[in-house]
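# Survey of secondary and tertiary structure
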Amino acid sequence: MLMAYIWVGMLAVSVLYGCWAGTVPAVSAALMEGAAAAVELCLSICGAVCLWTGVMELMRRSGLADGLSRLLAPLLRIIFPRSFADPDCAQALSSNFSANLLGLGNAATPAGIQAVKHMTRLGGQCAGNELCRLVVMNTASVQLLPATVAAVRAACGASDAFDILPCVWISSLVSVSAGLLTARMLERGNP
Amino acid sequence: MSALIVPVLLCSAGIFALSKRVNVFSALTDGAREGLKISAGMLPALVVLLSGVYMLRASGALDALCGLLTPLLEYMGIPGETASLLLIRPFSGSGALAAGSEIMRQFGPDSYAGRCAAVMLGSTETTFYVIAVYFGAAGVKKTRHAIPAALTADLCGFIMAALTVRLFFG
């Protein structure tokens, strides 16, 4: 429902502002232009998105995702000490983060939900500290190859669609650390 | 340097997969079929949202909003042109893609604002959607400190996006 309010709000603001600023003809033309531009955008990034989901599938099948899970385990053990004591939960957490890193959104969410279910089984009904940490880590995307964004850049005619990689990595790392740090500070006094 | 990262990564993934006796070609085509579904699934929301973004911009309201937020954003080192992206990012993934692609198209993908928009898209997530999915799965109503912590992470991601683009592309 939230999106419904946002969209109607966008329209209402456009029409009202358009009447006030005298830009109504442009607003009416833009409606159709935007719809056409969406199809154009979708078509122009479709090839790159398909190629990248292909590469992701290749990484998953060749066991790179599992290897990454094992590499991540020591780090995750520090962040989730209680949940990691449970082998099933540890497994779900590791595959959630390795899938996120590789951009396997379709694999990350089920694994994450699995981890959440194990966590609630281990620690009652309230949102425990480790559950909050899991959510914060998932809301701050840490992704090795932001494929869709690169596809959009390529479609817009970027000289090198992936030249933003170092910026994306640093920004993601800082943002996830800041999120975890904030969570750590706010969780004081609660179990 | 960065031009090497992707081809080398792809090539080593291919060689590694072959050494594991994975059928590289069918893995790629099966995955690409999934990509087709993702692209097709993206289209309806993108049509609706991009028409909204275009209307906002054509009416002049988007520029006015950006102008209003620019002093606050520039204080944090964030370009004012990305205001629309920042506002919709935590709520809607397709909305953010619509807003971000519009910034890249309007100012150019290699411009400062265009690059910032791309890095912002790549380094943050649809916060409220993720929170709804995970807390919904846990059957938990009280989200405690998850929302403030996640939004702090988003804000840091935005500030760092602008900062790193300035550092790397000056």
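Residues numbered from 1 in each chain as written. Chains lettered and ligands numbered in written order. Predicted model: local features only at pLDDT ≥ 70, side-chain atom pairs only at ≥ 80, totals over all residues.

### Remarks on the environment of Asp66(A)
The topology assignment puts Asp66(A) in helix 3 (residues 64–79). For Asp66(A) and Met3(A), which are 63 residues apart along the polypeptide, the C-alpha to C-alpha distance reads 36 Å. (Helix = DSSP H or I, 4+ residues; strand = E, 2+ residues; numbered from the N terminus.)

### Looking at the interface of chain B and chain A
Facing the 83 residues of chain B at the interface are 88 residues of chain A. If one sorts the elements of the side of chain B that touches chain A by residue count, helix 2 (residues 24–59) of chain B sits on top with 28 residues. Counted by class, the side of chain B that touches chain A contains 51 nonpolar, 21 polar and 11 charged residues. (Contact = placed C-beta atoms within 7 Å. Nonpolar A, V, L, I, M, F, W, Y, C, P; charged D, E, K, R; others polar.)

### Side note on the nonpolar core
Among the nonpolar cores identified, the biggest contains 108 residues, and Val135(A), Val136(A) and Leu46(B) are the most heavily contacted of them. Counting residues per element, this core draws most heavily on helix 2 (residues 24–61) of chain A, at 16 residues. Every residue in contact with Val136(A), bar those within four places of it in the chain, is listed here: Gly179(A), Leu180(A), Ala183(A), Ala146(B), Ala149(B), Ala150(B) and Ala153(B). (Core = buried A, V, L, I, M, F, W, Y, C linked by C-beta atoms within 7 Å. Buried ≥ 20, exposed ≤ 12 C-beta atoms within 10 Å, placed from the backbone.)

### What about helix 7 (residues 129–139) of chain A?
Most of helix 7 of chain A is tucked away, with 11 of its 11 residues classed as buried. Along helix 7 of chain A, the residues that are buried comprise Asn129(A), Glu130(A), Leu131(A), Cys132(A), Arg133(A), Leu134(A), Val135(A), Val136(A), Met137(A), Asn138(A) and Thr139(A).

### Regarding the environment of Ser94(A)
Residues and elements named next belong to chain A. Here Ser94 is to be found in helix 5 (residues 87–102). Accessibility expressed as a C-beta count within 10 Å gives 24 for Ser94, which makes it buried. Along the primary structure Ser94 and Pro74 are separated by 20 residues, whereas in three dimensions their C-alpha atoms are 9.9 Å apart. The contacts of Ser94, once residues within four sequence positions are left out, are Ser69, Leu72, Ala73 and Leu76.

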